Amino acid sequence: MELNRALCDSLGALLRTIAQQELLPRFEAGVEGRAKADGSLVTEADGASQARIIDELRRCYPTIALLGEEMSEEQQRSLLENSAEGLWLLDPLDGTSNFAAGIPYFSLSLALMRGGEVVMGLILDPLRDECFSAIKGQGAWLNTEPLRAPSARRPLSQGIALIDLKRLAPKLAGHVVSSPPYSSQRNLGSGALDWCYVASGRVDVYLHGGQKLWDYAAGQLILAEAGGHASTLDGEPVPQRALTPRSVVAAADGGHYRQWRSFLAAG
């Protein structure tokens, strides 16, 4: 399977169709969620979306296995360890709590891993009809237009930070809240889509205490190919061939990124 824009466009069309058929009608009708073992929420929309995407990918790409969020951890580990032909990484509905509450900020995320690294990623916001995509070494796109992480339009002191406070260590969370280097803070609720908001310059800096592989796989590639910057709190690259959650420190602009890292290191 050759990685190119035509493939990205085809996969983006697939995600759009499934979102229109499985997610949007349930969002408009309102659905109730149930708590999973880890306390996170799941709805019938998550399962319906995952089942449809799995069926279509197996039909088109039968030799490539798929790891989905709604699989057991045992299944996920087995797939990571036995994926010589490549591995799809899928979050069929990222932002389930938003979806169930009627908040219009959720997404579908699909990435392809080969040889232990992510080589292609797509994130669809079905409500705004925005599909962010990237291919390693070939660039990033928003729908059909090239996506480039913009240079800072304002100092960080006047900027917007996107932060998931609940997964941060208490000391660091206190540092962020008590003496912020930015003007305004948000927590929007879809980790995958958050990466795209960083890459497009809609927010200035980003911080998350622990994302899982399917949350960050596509997004980190989109940001990197757009020219943005990201690492863990420890300064390591975010992507890892493992199920262990990874922290995220990110920004579109290099100066903002260095300033943000310096501030967090002082906490």
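Up top you'll find the structure we're talking about.
Here the residue numbers are simple positions, counted from 1 along each chain's written sequence. With pLDDT at 70 or above as the cut-off, local features in this predicted model cover only qualifying residues; side-chain atom pairs require 80 or more to be listed or tallied, and sums for whole chains, interfaces and linings still use all residues. Computation of side-chain values covers all heavy atoms of the structure but excludes hydrogens and water.

## Here we look at the packing of aromatic side chains
- What counts as a ring pair is set by centres within 6.5 Å for rings of Phe, Tyr and Trp (its six-membered ring), and what kind of pair is set by the plane angle: stacked under 30 degrees, edge-to-face over 60, tilted for all other angles. A full pass over the atoms with the stated rule returns eight aromatic pairs.
- Arranged with centres 5.5 Å apart and planes meeting at 45°, the rings of Phe27 and Phe99 form a pair that is tilted. In this pair, Phe27 sits in helix H1 (residues 5-29) while Phe99 sits in helix H4 (residues 96-101), placing the two residues 72 residues apart along the sequence. The exposure classification of Phe27 matches that of Phe99, with both residues buried.
- Seen from their ring centres, Tyr105 and Tyr197 are 5.4 Å apart, and the 85° between their planes marks the pair as edge-to-face. Of this pair, Tyr105 sits in the loop between H4 and strand S5 (107-114) while Tyr197 sits in helix H6 (residues 191-199), and the two are 92 residues apart along the sequence. Each member of the pair, Tyr105 as well as Tyr197, is classed as buried.
- Taken together, the ring pairs in this structure connect Phe27, Phe99 and Phe106 into an aromatic cluster. Counting from the N terminus, the helices are DSSP H or I runs at least four residues long and the strands are E runs at least two residues long. Between buried and exposed lies partly exposed: a residue is buried under 20% and exposed over 50% of the maximum accessible area for its type, with that area taken using a 1.4 Å probe on protein chains only.

## Things to note about the environment of Ala173
- Tracing the backbone through its elements, the reader meets Ala173 in helix H5 (residues 170-178).
- The spatial distance from the C-alpha of Ala173 to the C-alpha of Gly115 is 36 Å, given a sequence separation of 58 residues.

## Comments concerning the sheet that holds strand S8 (residues 139-142)
- With respect to topology, seven strands assemble into an open sheet ordered S3-S4-S5-S6-S7-S8-S9, the strand pairing being mixed. Strands with a single pairing partner mark the edges of an open sheet, and in this sheet they are strand S3 (65-68) and strand S9 (145-146).
- In this analysis, strands are considered paired if DSSP registers two or more bridges between them. Inspection of the sheet shows S8 paired to S9 by two bridges, in the antiparallel sense. Paired with Leu142 across the strands is Glu145, a residue of S9.
- Contacts are assigned to residue pairs that have any heavy atoms within 4.5 Å of one another. Convention adopted: a line fitted to C-alpha atoms gives each axis, helices being fitted over their contacting stretch, and angles between N-to-C directions are expressed from 0 to 180 degrees. Of the strands in this sheet, strand S4 (87-94), S5, strand S6 (117-125), strand S7 (130-135) and S8 are in contact with H1, which crosses S6 at around 40°.
- Packed on one face of the sheet, helix H3 (residues 73-81) meets S3, S4 and S5 and runs near 140° to S3.

## Description of the pattern of salt bridges
- The rule for a salt bridge is simple: a side-chain nitrogen of Lys or Arg has to be within 4 Å of a carboxyl oxygen of Asp or Glu. Tallied over the entire structure, the rule returns twelve salt bridges.
- A salt bridge links Glu44 to Arg26, with the nearest nitrogen and oxygen atoms 3.0 Å apart. Placement of the pair is Glu44 in helix H2 (residues 44-60) and Arg26 in helix H1, with a sequence separation of 18 residues.
- Glu236 is paired through a salt bridge with Arg246; the nearest N and O atoms lie 3.2 Å apart. Highlighted residues: Glu236 in the loop between strand S13 (229-231) and strand S14 (246-251) and Arg246 in strand S14, separated in sequence by ten residues.
- Take Glu236: its relative accessible area is 37%, and that puts it in the partly exposed class.
- What makes Arg246 buried here is its relative accessible area of 10%.
- Among the ionic contacts, a cluster of salt bridges with common partners joins Glu22, Arg26, Glu44 and Arg52.

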